[in-house]
Each structure stands twice: as C-alpha cells, then as structure tokens.
Amino acid sequence: MQRQNDRYLRALQCQPVDCTPIWMMRQAGRYLPEYRQLRTEAGDFMTMCKNPDLACEATLQPLRRFDLDAAIIFSDILTIPDAMGLGLYFEQGEGPKFKKPIKSLSDINQLSIPDPQTALAYVMDAIRLTRKELQGRVPLIGFAGSPWTLATYMIEGGSSKTFTKIKKMLYSEPSSLHLLLDKLAESVALYLNAQIEAGAQSIMIFDSWGGALSHRSYLEFSLQYMHKIVSLLKRGTRGQEYSKNYIPVTLFTKGGGLWLDNIIQTGCDAIGVDWTVDLSLLPKDKVAIQGNLDPTVLYGDRATIQHNTDLILKEFGPHNGHIFNLGHGINQDTPIESVEILVDTVHKLSKRDHNGES
Ligand code: 1CP
C-alpha cells in the first residue's frame, strides 16, 4: 500500500508538515504528451470531461510523472454555464465559446439553477472514480469558477481581454448583473456541495478575472458572491487540531493582491496569490497561502528555477500554511523537465523550514 500523503490538507489547516506541499494549477493539460494523446483519442475536450474514465485518467497523468501533493479533478469551470443551457463548445486552437451567450435580462430570467446530481452527474462520477483510484495516495481537489468569472464568459460569449460587454451591463444595468451573479452563486454552492459529497477533499474557487474590476466593483460584483458561496459550503468544523474530515476552501482572485484582507474576511481557509504578491508581507498562521511562482520561470534553466523557488520559500519563511503553486496555470509549452526540477526543489529546500509529520 502506498504512503498516504496529506501534507496538502495539513498545510491548508496551517498545521505542521515535513516539507512544503506543491501542486500546479492546470497540472493536467496540453504540456503533457500523454494528455495530448488522450485528447486526440477522445476527439474533443468536453468528451473528456463528460466521460468519467477519461477524466479520471487525465487527473492521474501528472501524478504519475511528478511527486505532486494533490490531484485536481479534470473538468472545467464552464460546466455550470453549459448545464444552464448556453451550449459550450471549443473550436480547434481556440478558447471556449457559447452558442447562446447572455444578451438581456430576459435571458437571465430564463436561466435555471442546474441540479448537480443530474446535469452535472458526470463530474460527481469522475470524482468518485478518481478517489477510488487514488486510494488516499494524495487528496483530491474539487473546484468551480467564481460567479463573476463565469459571468464574463456567459456575457462575452467566450474569452475576453477587455470585458466590455459585461462591464457595460455592470454600469448600465447593475441589477440584471446581480440577478445573474446570484443565480450563479446558488448554482456554484450546490455544485461544490455535491462535489464534497462525492469525495472532494478540498475546494478551490477560481476567480480568474476578478482582477479586471475596480476595487469597489470587485467587492460588490465578485467577492460578495464568493463570500456567499463560502458560507453555504458544507465544510464541517475546524478545530485547533488537524482534522482529515474538514474540507478547506481556497479563494484565488488573479490580480487580487491588493484585496487580500477583504478576501480573508470571507472565512476562507486559504488564499491563492499570483506572482505580483510579496509573500513576506502577508499575515501567517491565520489563513493558508497558495502560490506564487510566475509560470514563465519554468522556461528558465535549472539554476533559474531553483533560485526563484528558493526566493519564494524564503519570502514565506519558517511558518505553517504554505502550499507551493504557480501564480496562474502552467503554460502549454512548458518543458516537462522544468516541472520535475520545481517539484523536487520545493520538497528538498523546504525541509529546512519544517519538522512536522505527514
Ligand atoms: O485540451 C484542450 O485544448 C483544453 C484545454 C483545457 C484544459 C486542460 C481547458 C479549456 N480546460 C482545461 C482543464 C481545466 N480548466 C482544469 C483541470 C484541472 C487541472 O488544473 O489540471 C481546471 C481547474 C480548469 C479551470 C479553468 N477553466 C479556469 C480557471 C483557472 C485559470 O486558468 O484561470 C478557466 C478560466 C477556464 C476556462 C477555460 N477552459 C479551457 C480554456 C483554454 C480556458 C481558458 C480560456 C481563457 O483564457 O479565457
């Protein structure tokens, strides 16, 4: 029987560990040749997500190669708008698109809240299967997009750089946008609680585009709804000691470095931070901190990767509650050897700061 590695869950609860745990956002994906092959065989990305065997396989692929401390279920944040009937599709070489984007208040009024046990049952099946396959080797992360980030895709009709359509609604029809965000918050909370019931051992909320908002708008249109979700999650009770049954929640707003105090006030267990943040300035031992290597460091040579990893570990210092990660998802042209160097360096160098169990 393989060793049960729970240093990721311990760090999320700010408990002592033997070394700093590491996983990477988008750790399953196109930088792995075995992923590219699986995807070619499957035909397209959503077929992979909707087939629990393929989703489980894609989840496990990075763990076979690297000594990562957590798995994240292979899926996408856009499963919710898809289940709401917007018709998600991916065109070759392009990002996500919707056949029926949201254009008006009447479109919003017509949206219903998906029942995760039916419309999204494939995600729960993938989680149950992956937990079984993992046999406790590492914890499994469940996730969703924040209401704001989901709404950007639903209103823009796909990826955006300028967010003009959604911002136009924000300033001209704020009550319509609030109605949409509220429906999304309810949908995300139901979805994440179903993931917890299916076996997800921690939850991550990706607010990838919260950083596009002004300070005031961020609080009103993004953080407020993540706060609502955090309060609806069935996490269990957190005590002074480590509990393996507690489900910690991590909030990650890309570009949210100036708002971390506000994010902590939601009652989340951990905050994800991108590479713009100096970890030495953050409060320690209150909430855990996940991050924050610039993913492009992985284009550098061994010495560069080791040096930049060392700097982050030193910035965080000898405290509990650090989960090493990239500041955003791994790029698809990242050399595989760089990931090996990173994972190895985090585990080796961080031993100097820890003497706990795991
Ligand atoms: O093979 C392919 O071409 C599909 C590429 C791909 C992959 C591998 C997409 C389409 N989604 C995923 C998987 C995915 N997406 C995971 C799997 C688990 C893992 O991390 O290993 C996760 C957690 C996500 C989350 C996700 N999807 C986010 C939040 C994280 C982030 O990177 O900010 C976002 C914004 C999406 C939308 C999305 N789905 C896919 C793409 C290419 C995008 C981004 C589009 C854009 O930049 O606007």
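Every value quoted in this text rests on a predicted model; they were computed, and no experiment measured them.

## Things to note about the overall build of the protein chain
- When helices and strands are tallied, the protein chain shows 14 helices and nine strands.
- By its C-alpha atoms, the protein chain is 60 × 45 × 40 Å across when sized along the principal axes.
- Across the 358 residues that make up the protein chain, the buried fraction comes to 58%.
- Counted over contacts in the protein chain with a minimum sequence separation of 6, partners at least 24 positions apart contribute 73%.
- Summed over its atoms, the accessible surface of the protein chain is roughly 15,000 Å², and 49% of this surface lies on carbon and sulfur atoms.
- Across the protein chain, the centroid of the 37 positively charged side chains sits 2 Å from that of the 40 negatively charged ones.

## Description of the pattern of salt bridges
- Scanning all chains against the criterion turns up 15 salt bridges.
- Two residues, Glu-94 and Lys-97, come together in a salt bridge whose shortest N-O distance is 2.3 Å.
- Of the charged contacts in the structure, one is a salt bridge between Arg-235 and Asp-269, with a shortest N-O distance of 3.0 Å. Here Asp-269 lies in the loop between helix 12 (260–264) and strand 7 (270–272) and Arg-235 lies in the loop between helix 11 (215–232) and strand 6 (249–253), a separation of 34 residues in the sequence. Across the pair, exposure class does not vary: Arg-235 and Asp-269 are buried alike.
- Bridged by salt links that share partners, the residues Asp-310, Lys-314, Arg-352 and Asp-353 form one connected network.

## As for the packing of aromatic side chains
- On inspection of all chains with the given rule, the structure shows six aromatic pairs.
- Ring centres of Phe-45 and Phe-90 lie 4.9 Å apart, and the angle between their planes is 75°; on these two criteria the pair is classed as edge-to-face. A residue pair is termed long-range when its members are at least 10 positions apart, and Phe-45 in helix 3 (residues 45–50) and Phe-90 in strand 2 (residues 88–90) qualify at 45 residues.
- The exposure class of Phe-45 is buried, given its relative accessible area of 9%.

## Brief notes about the state of the cysteines
- The final tally for this structure, using the stated rule, is zero disulfides.
- Cys-49 forms no disulfide, and the closest cysteine sulfur to it belongs to Cys-56, at a distance of 13 Å.
- What makes Cys-49 buried here is its relative accessible area of 1%.
- In this structure Cys-268 is a free cysteine whose sulfur lies 11 Å from that of Cys-14, the closest cysteine sulfur available.
- Residue class for Cys-268 comes out buried when judged on its relative accessible area of 5%.

## Focus on the environment of Arg-235
- Overall, the relative accessible area of 14% leaves Arg-235 in the buried class.
- In this structure the C-alpha to C-alpha distance between Arg-235 and Arg-3, which are 232 residues apart in sequence, comes to 25 Å.
- In contact with Arg-235, other than residues within four places in its own chain, are Val-230, Asn-245, Tyr-246, Ile-247, Val-249, Gly-267, Cys-268 and Asp-269.
- Within the local environment of Arg-235, its side chain forms a polar contact with the side chain of Asp-269, the two groups lying 3.0 Å apart.

## Quick word on helix 4 (residues 52–65)
- Taking 1.5 Å per residue, 14 residues should reach 20 Å; helix 4 reaches 21 Å between its end C-alpha atoms and fits that length.
- Structurally, helix 4 contributes buried residues whose contacts are with helix 2 (33–42), helix 3, strand 1 (71–72), helix 7 (121–134) and strand 4 (140–145).
- Near the N-terminus of helix 4, the side chain that reaches the backbone nitrogen of Asp-53, with its oxygen 2.9 Å away, is that of Asn-51.

Rules used throughout
Residues numbered from 1 in each chain as written. Predicted model: local features only at pLDDT ≥ 70, side-chain atom pairs only at ≥ 80, totals over all residues. Heavy atoms only, no water. Helix = DSSP H or I, 4+ residues; strand = E, 2+ residues; numbered from the N terminus. Buried < 20%, exposed > 50% of the residue type's maximum accessible area, 1.4 Å probe, protein only. Contact = heavy atoms within 4.5 Å. Areas by Shrake-Rupley, 256 points an atom, 1.4 Å probe, with all protein chains shown as cover. Lys, Arg positive; Asp, Glu negative; His and termini not counted. Charge placed at Lys NZ, Arg CZ, Asp CG, Glu CD. Salt bridge = Lys/Arg side-chain N within 4 Å of Asp/Glu carboxyl O. Phe/Tyr/Trp six-rings, centres within 6.5 Å; stacked < 30°, edge-to-face > 60°. Disulfide = S-S within 2.5 Å. Polar contact = N/O pair within 3.5 Å; in protein donor to acceptor, adjacent residues only side chain to side chain. Expected span 1.5 Å × (residues − 1).

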